[in-house]
Amino acid sequence: MIEIPQEFDTLSYRDVLAQFDAAAEWLCLDANIWKRLRLPQRALCVTMPIRMDNGDVHLFQGFRVQHDSALGPTKGGVRYHPDVNLGEVAALAMNMTWKCSLAGLPYGGAKGGIRCNPKDMSQRELQRLTRRYTAEIFPLIGPDQDIPAPDVGTNEHVMAWMMDTYSHQRGYAVPGVVTGKPICIGGSLGREEATGRGVVYVAVEGMKHLKIKCAGATAVVQGFGNVGSIASRFLTEAGIRVIAVSDSGCGIYNSSGLNITDVIAYKKARHTLEGYPYGEMITNEELLGTECTIVIPAALSGQIREDNAHRLRCRMVVEGANNPTTKEGDGILKDRGIFVIPDILANSGGVIVSYFEWVQDLQKYFWKEKEINEKLQDIIITAFNRVLRYSLSENIDMRMASMAISLRRLADAHLARGLYP
Ligand code: NAD
């Protein structure tokens, strides 16, 4: 095997690679495809001087990584966070390849990111940075090439600036270049809620498998952004009590169940959960150790690790975030018999509805929200049941079963297309 270049060699890359290597070995994957998929197809690093509001010029670093395009154009979010680095972006791009293949979408995986702290920047600075980043990665993106979407620290406004910048360079409106846009410029109904909605669809299926009823079940959710807050809302609607949630600052706990609509309104008004009056303040570590039915990590990578996985007191982990569990953490959850619904299955609702958005943009014909939610439910629950059946028949865990199904489809595509030249 080719050694992993130093630039990619981070903890998250090694974790994703370890999962891939284990699945490739189990599947007896073609050795040439195995070698190829351990590294991304393309990676672009960009440096962007941006004029800040105080007149200073600040230099930012950005990345766009395309992991594999055998199944179609590549697809993946753009992250704005101070810890963004090439290795993490490459790991997330690889994860997107497995996710798109598992859901049966005609996409390969990609990811992008800028090392910055969006919380410390004004909207004007963010807009300048986004436009410059889009111009820098312009040769790589496009509706038939690579389609960005929101991720941690980005949202529909960022997607609107990306779409506008790309469209100006082309000379006409190209809504299909990004997904997760505002509805008024070609966004899809249901996209904003899609990831959280999908997380809850699979969580409920997992509970059916474990023969746990929603009434009486409890959940804790780490991360209260797009995925975490919306998943919390749908959990409550499904009759599951959400007893603790957290953001990067702190967590809140209420054994009778939090009023999620109220918590969302509180966070929106104050940009923090601190001081929320109807819950006890807890730390993120305490949140993960809270006794409950379901733990949903919906923040960053590497949150469930060797040093804390033994503290979880739940029946099920549903991975809303990407790569939230390290290899060692995963081993501990497995030994303890905790049922894990892996990220590439659990949080695929976002990319599934992004696919619907892209199809609607290309067709210039927009669907009703009911139709979108029904199609999402159908795809994600079918994928869940396929993975569950395979995991039971082969006596492997859900992560290995998801990877195996995904890799088989990908390998077929690579073998059918052959080598160029
Ligand atoms: P977001 O920026 O909207 O929210 C992230 C949340 O995590 C924030 O509430 C933040 O305060 C919190 N957070 C950050 N560090 C934390 C920490 N150490 N402990 C607890 N909370 C912390 O991002 P998002 O879009 O909700 O994405 C969350 C995760 O879900 C990421 O891993 C992302 O890659 C993944 N994901 C997102 C989508 C999507 O459609 N947005 C789709 C698939 C996967």
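Residues numbered from 1 in each chain as written. Predicted model: local features only at pLDDT ≥ 70, side-chain atom pairs only at ≥ 80, totals over all residues. Heavy atoms only, no water.

Q: What am I meant to see in the environment of Asn-54 here?
A: Positionally, Asn-54 belongs in the loop between strand S1 (42–51) and strand S2 (57–68). With relative accessibility at 60%, the residue Asn-54 sits in the exposed group. Sequence separation between Asn-54 and Ile-114 is 60 residues; the distance between their C-alpha atoms is 21 Å. Among the polar contacts listed, one links the side chain of Asn-54 to the backbone nitrogen of Asp-56, at a separation of 2.9 Å. (Helix = DSSP H or I, 4+ residues; strand = E, 2+ residues; numbered from the N terminus. Buried < 20%, exposed > 50% of the residue type's maximum accessible area, 1.4 Å probe, protein only. Polar contact = N/O pair within 3.5 Å; in protein donor to acceptor, adjacent residues only side chain to side chain.)

Q: I would appreciate a short explanation of the site of the ligand in the present structure.
A: Near the ligand you find 24 residues, and of these Asp-151, Thr-195, Val-227, Ala-299 and Asn-322 are the closest. Interatomic distance of 2.9 Å between a side-chain N/O atom of Arg-79 and an oxygen atom of the ligand. Out of a free accessible area of 830 Å², the ligand has 86% covered by protein chains. Of the residues in the shell around the ligand, the class split is 7 nonpolar, 12 polar and 5 charged. (Near = heavy atom within 4 Å. Areas by Shrake-Rupley, 256 points an atom, 1.4 Å probe, with all protein chains shown as cover. Nonpolar A, V, L, I, M, F, W, Y, C, P; charged D, E, K, R; others polar.)

Q: Would you mind showing me how to read the side chain of Thr-134 here?
A: Within the element layout of this structure, Thr-134 appears in helix H4 (residues 123–137). In contact with Thr-134, other than residues within four places in its own chain, are Ile-141, Met-162, Thr-165 and Tyr-166. (Contact = heavy atoms within 4.5 Å.)

Q: Whenever I open this one, the pattern of salt bridges confuses me. Can you help?
A: Pairing between side chains of opposite charge can happen when the charged atoms of each approach one another. Enumeration over the complete set of coordinates arrives at 24 salt bridges. Between Lys-208 and Glu-205 there is a salt bridge whose closest N-O contact spans 2.8 Å. Remark: Glu-205 and Lys-208 occur in helix H6 (residues 191–209); sequence separation between them is 3 residues, near one turn of the helix. Classification of Lys-208 by relative accessible area gives exposed; the value is 52%. Exposure remark for Glu-205: the relative accessible area of 12% places this residue in the buried category. For Arg-311, the salt bridge is made with Glu-285, and the minimal N-O distance between the two is 3.1 Å. Of this pair, Arg-311 sits in the loop between strand S10 (294–297) and strand S11 (316–318) while Glu-285 sits in helix H9 (residues 284–288), and the two are 26 residues apart along the sequence. Through salt bridges with shared partners, a single network forms among Arg-79, Glu-88, Lys-111 and Asp-151. (Salt bridge = Lys/Arg side-chain N within 4 Å of Asp/Glu carboxyl O.)

Spatial relationships are all this shows, so hold off on functional conclusions.
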